[in-house]
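Letter by letter, the chains look like this.
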Amino acid sequence: MNMLRLKNIHKRFNHLEVLKGISLEVAQGEVVAIIGPSGSGKSTLLRCLNRLEIIDQGTIEIEGEILATEDTEGKCQYVSEQKAREICFKMGMVFQQFNLFPHMTVIDNIIEAPMLVKGIKKELIIPEAEELLKKVGLFEKKNSYPSRLSGGQKQRVAIARALAMKPDIMLFDEPTSALDPELTGEVLKAMRQLALEHMTMIVVTHEMAFAREVAQRVIFMDNGDIVEEGTPEQIFNSPEQPRTQAFLKSML
Amino acid sequence: MEKIITMMGPMLDGVNVTLQMFFITLVLSLPLGLLLSLARISKYKPISLLVETYIWLMRGTPLMLQLLFVYYALPLVPYIGIKLPDFSAAILAFVLNYAAYFAEIFRGGIQSIERGQYEASKVLGMTYVQTMRRIILPQVLKRVVPPISNETITLVKDTSLIYVLAMNDLLRTARTIVQREFDMTPFVIAAVFYLAMTLVLTWIFNKLEERYAAYDE
Ligand SMILES: Nc1ncnc2c1ncn2[C@@H]1O[C@H](COP(=O)(O)OP(=O)(O)O)[C@@H](O)[C@H]1O
Ligand SMILES: [Mg+2]
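How each quantity is defined
- Residues numbered from 1 in each chain as written.
- Chains lettered and ligands numbered in written order.
- Predicted model: local features only at pLDDT ≥ 70, side-chain atom pairs only at ≥ 80, totals over all residues.
- Heavy atoms only, no water.
- Disulfide = S-S within 2.5 Å.
- Pairing = 2+ DSSP bridges.
- Helix = DSSP H or I, 4+ residues; strand = E, 2+ residues; numbered from the N terminus.
- Axes fitted to C-alpha atoms, helices over the stretch in contact; angles between N-to-C directions.
- Contact = heavy atoms within 4.5 Å.
- Salt bridge = Lys/Arg side-chain N within 4 Å of Asp/Glu carboxyl O.
- Buried < 20%, exposed > 50% of the residue type's maximum accessible area, 1.4 Å probe, protein only.
- Core = buried A, V, L, I, M, F, W, Y, C linked by side-chain atoms within 4.5 Å.
- Buried area = accessible area lost by both parts, 1.4 Å probe.
- pLDDT = per-residue confidence, 0-100.
- Near = heavy atom within 4 Å.
- Polar contact = N/O pair within 3.5 Å; in protein donor to acceptor, adjacent residues only side chain to side chain.
- Areas by Shrake-Rupley, 256 points an atom, 1.4 Å probe, with all protein chains shown as cover.
- Phe/Tyr/Trp six-rings, centres within 6.5 Å; stacked < 30°, edge-to-face > 60°.
- Patch = residues over 30% accessible without salt bridge, like charges linked within 9 Å, V, L, I, M, F, W, Y side chains within 5 Å.
- Parallel < 35°, antiparallel > 145°, perpendicular 65-115°, else oblique.
- Left-handed = near helix turned anticlockwise from the far one by under 90°.
- Nonpolar A, V, L, I, M, F, W, Y, C, P; charged D, E, K, R; others polar.
- Expected span 1.5 Å × (residues − 1).
- Bend = angle between axes of the 7 residues up to and from the residue.

## Regarding the state of the cysteines
Logical step 1: Under the counting rule described, the total for this entry stands at zero disulfides over all chains.
Logical step 2: Cys76 of chain A supplies the cysteine sulfur nearest to Cys48 of chain A, a cysteine that is in no disulfide, at a spacing of 9.5 Å.

## Some thoughts on the sheet that holds strand E4 (residues 57–62) of chain A
All names here are of chain A.
Logical step 1: Spatially, five strands are ordered E2-E1-E4-E5-E6 in an open sheet, and the strand pairing comes out antiparallel. The open sheet terminates on both sides in strands that have one partner only, identified here as strand E2 (16–27) and strand E6 (76–78). Each strand axis lies, on average, 15° off the axis of its neighbour in the sheet, ignoring direction.
Logical step 2: Relative to strand E1 (residues 2–13), helix H1 (residues 42–49) is tilted by about 120°, and along the sheet it contacts E1, E2, E4 and strand E5 (65–70).

## Brief notes about unusual backbone geometry
Residue and element names in this part refer to chain A.
Logical step 1: Here the phi dihedral of Glu174 falls at roughly 45°; this positive angle occurs in a residue that is not glycine.
Logical step 2: Locating Glu174 in the fold gives a position in the loop between strand E8 (169–173) and helix H6 (181–196).
Logical step 3: Even without being glycine, Asn223 reaches a positive phi, approximately 55°.
Logical step 4: Within the secondary structure, Asn223 sits in the loop between strand E10 (217–222) and strand E11 (225–230).

## Structural notes on the pattern of salt bridges
Residue and element names in this part refer to chain A.
Logical step 1: For the coordinates displayed, the defined rule picks out 25 salt bridges over all chains.
Logical step 2: Between Glu81 and Arg85 there is a salt bridge, and its shortest N-O distance comes to 3.3 Å. Note that Glu81 and Arg85 are positioned in helix H2 (residues 81–88) at a spacing of four residues, about one turn of the helix.
Logical step 3: With relative accessibility at 12%, the residue Arg85 sits in the buried group.
Logical step 4: Measuring nitrogen to oxygen at the nearest pair gives 3.2 Å for the salt bridge that ties Asp222 to Arg243. Remark: Arg243 occurs in helix H9 (residues 242–251) and Asp222 occurs in strand E10; sequence separation between them is 21 residues.
Logical step 5: In this structure Asp222 comes out as buried when scored by relative accessible area, which is 18%.

## Observations regarding the sheet that holds E11 of chain A
Through backbone hydrogen bonds, the strands of a sheet pair up, either in parallel or in antiparallel fashion.
All names here are of chain A.
Logical step 1: The six strands are arranged E7-E8-E9-E3-E10-E11 in an open sheet whose pairing can be described as mixed. Each end of this open sheet is capped by a strand with a single partner; those strands are strand E7 (91–94) and E11. Neighbour-to-neighbour, the strand axes of this sheet turn through a mean angle of 20°, independent of strand direction.
Logical step 2: Pairing analysis gives five bridges linking E8 to strand E9 (residues 200–204), with the strands arranged parallel.

## Observations concerning the nonpolar core
Logical step 1: Counting residues in each nonpolar core, the largest one holds 92 residues, and the members touching the most others are Leu4 of chain A together with Phe94 of chain B.
Logical step 2: Setting aside chain neighbours within four positions, we find Leu4 of chain A in contact with Leu24, Glu25, Val26, Leu49, Glu61, Ile62, Met91, Ile169 and Ile202 of chain A.
Logical step 3: In this structure, Ala158, Phe172, Met199 and Ala211 of chain A belong to the second largest nonpolar core, which totals 49 residues.

## Considerations on the interface of chain B and chain A
Logical step 1: Facing 21 residues of chain B, the contacting portion of chain A comprises 27 residues.
Logical step 2: Considering only the side of chain B, the residues that lose the most area to chain A are Lys122, Val123 and Leu124 of chain B, jointly responsible for 30% of the buried surface there.
Logical step 3: On the surface where chain B and chain A come into contact, there are two salt bridges.
Logical step 4: Between Arg47 of chain A and Glu119 of chain B there is a salt bridge, and its shortest N-O distance comes to 2.7 Å.

## With respect to the confidence of the model for chain B
Caution is warranted with low-pLDDT regions, since their predicted coordinates should not be read in detail.
Logical step 1: Chain-level statistics for chain B give a pLDDT mean of 93 and a share of 100% at 70 or above.
Logical step 2: Reported confidences for the modelled complex are a pTM of 0.91 and an ipTM of 0.95.

## Remarks on the site of ligand 1
All names here are of chain A.
Logical step 1: Close contacts around ligand 1 come from Phe13, Leu16, Val18, Pro37, Ser38, Gly39, Ser40, Gly41, Lys42, Ser43 and Thr44, and that covers them all.
Logical step 2: Note that an oxygen atom of ligand 1 is positioned 2.8 Å from one of the side-chain N or O atoms of Lys42.
Logical step 3: Thr44 places a side-chain nitrogen or oxygen 2.5 Å from an oxygen atom of ligand 1.
Logical step 4: Taken by itself ligand 1 offers 550 Å² of open surface, and the protein chains cover 61% of this.
Logical step 5: For the shell around ligand 1, the secondary structure elements donating two or more residues are E2 and H1.
Logical step 6: Examining the composition of the shell around ligand 1, we find that three residues originate from one element, H1, more than from any other.

## Description of the packing of aromatic side chains
Residues and elements named next belong to chain B.
Logical step 1: Throughout the structure, instances matching the rule amount to seven aromatic pairs over all chains.
Logical step 2: Geometrically, the ring pair formed by Phe22 and Phe23 is edge-to-face, given 5.0 Å between the ring centres and 75° between the ring planes.
Logical step 3: Classification of Phe22 by relative accessible area gives buried; the value is 2%.
Logical step 4: Ring centres of Tyr98 and Phe102 lie 6.0 Å apart, and the angle between their planes is 55°; this geometry places the pair in the tilted category. Separated by four residues within a single helix, Tyr98 and Phe102 lie in helix H4 (residues 86–111), roughly one turn from each other.
Logical step 5: Phe102 sits in the buried class, given a relative accessible area of 0%.

## Considering a nonpolar patch on the surface
Logical step 1: A cluster of nonpolar residues, Met1, Ile4 and Ile5 of chain B, forms a patch on the protein surface that exposes about 330 Å² of accessible area.
Logical step 2: Tracing the chain through its elements places Met1 of chain B in the segment before helix H1 (2–40).

## Brief notes about the packing of H1 of chain B against H4 of chain B
Axis angle and axis distance: for two packed helices, these are the angle between their axes and the distance between the axes, and together they describe the pair.
All names here are of chain B.
Logical step 1: Interhelical geometry of H1 versus H4 gives an angle of 45° and a closest axis separation of 6 Å. As judged from the angle between their axes, H1 and H4 are oblique. Of the two elements, H1 crosses H4, and the hand of that crossing is right-handed.
Logical step 2: Looking at side-chain class alone, the contact of H1 with H4 contains 22 nonpolar, five polar and three charged residues.

## Concerning helix H3 (residues 106–118) of chain A
Logical step 1: Between its terminal C-alpha atoms H3 of chain A stretches 19 Å, which fits the 18 Å expected from 13 residues at 1.5 Å a residue.
Logical step 2: At Glu112 of chain A, H3 of chain A shows its largest bend, some 30°, and a proline, Pro114 of chain A, comes one to four positions later.
Logical step 3: Those residues of H3 of chain A that sit buried are Val106, Ile107, Asn109, Ile110, Ile111, Glu112, Ala113, Pro114 and Leu116 of chain A.
Logical step 4: Packing partners of the buried residues in H3 of chain A comprise helix H4 (122–135) and helix H5 (151–163) of chain A together with helix H6 (128–158) of chain B.
Logical step 5: Gly119 of chain A lies just past H3 of chain A and shows a positive phi near 70°.

Structure, rendered in structure tokens:
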């Protein structure tokens, strides 16, 4: 089953066209890595999926439900705010800058949205949140404030916070790019674990080793287009496009 | 000594007026300021423009003038013109004025919160109202404690402006006694009261800051 279907997505910032007709389908349980030079539109693409950015043209379908599509005149129409919110919270997102809530402890960061958005009772969500914290190895930090955590710990809390909403799809936007090199491992490990549990994942990353090892499909984007996609072996061992080859060379 | 005790009766009445002005203004203008700040950052241009103009008017003219306007000019406005009792007129002018200042403080606080906080909330499925109430405003409160504290201490002293409406607040009472008895003691007593009030306020706001220090940013 397709978890996600994008058709001909166009996105402009003023006169700058940042996405130039992206089409993409992601199957359930698939891990897709998106690589490409900075400024190529990778973040914008992820952000269009959960309407952090509004697309100008195209169709977005999440788990068979339409989020945005074109009307008969070719104008892009979104479903109602309420409906869009319900569709979008099936997608968890992890940001490069963590974006934890600094005024809440780790455990409160995790339980806030399930209680507020889904109306789950506190005593029911606490055990689940603790379980998630154990999973990312941070149970002993549950009463700490985010400012007391290292970058790697913050990002693992952010992953647990997203998972607490029981998403079907997880989006990662360069989750390790803000981290000191020695802290990326712990975050990648948590992500690898998720992949093993067959979470559908779209990961924008500069970690080529991770993409090669964990992703089933690698997409190379440049200048608002998908230039090439394929299995990690295809992309990393025998890329066809000159731009892919040049990019991979620069990453060595 | 005996003289001081006889002065204390009217002086305490004056303190009472001053304290009432202070508390009622504060209790009304803080929430009004918050509402105004939300309107000021609203996506609906007419609303935000209206509030912007209002804030400009309130901050761009002296409080004294606004006080006199509400008292003397408002009753003359056709149809809606009403003659308010002294105290209500003073409260109205103070609340309208202070709400404008508080609105700008809240707006600054709200706009200082990183965009990522809104994005994380949105991605987790929160509505705008939920995001403001649970994520943004609690962080704003921490950031606005120092400027609100300043403004509140200014309010203590600004209350003395109501002497123009012939209301017997602390300062006017002191002046009346001084003029009658040719004795400067009431001024000293008044100064001590103002200082005591600002001392208490400073202490309260320090406590608030300490409480919010539980988390750093
Ligand atoms: N909010 C925005 N307003 C204007 N331009 C933007 C905005 N966000 C991104 N861009 C531009 O869009 C292009 C793609 O950005 P982005 O999606 O962040 O690329 P990537 O994540 O691949 O580095 C860049 O040229 C960037 O400057
Ligand atoms: Mg990016």
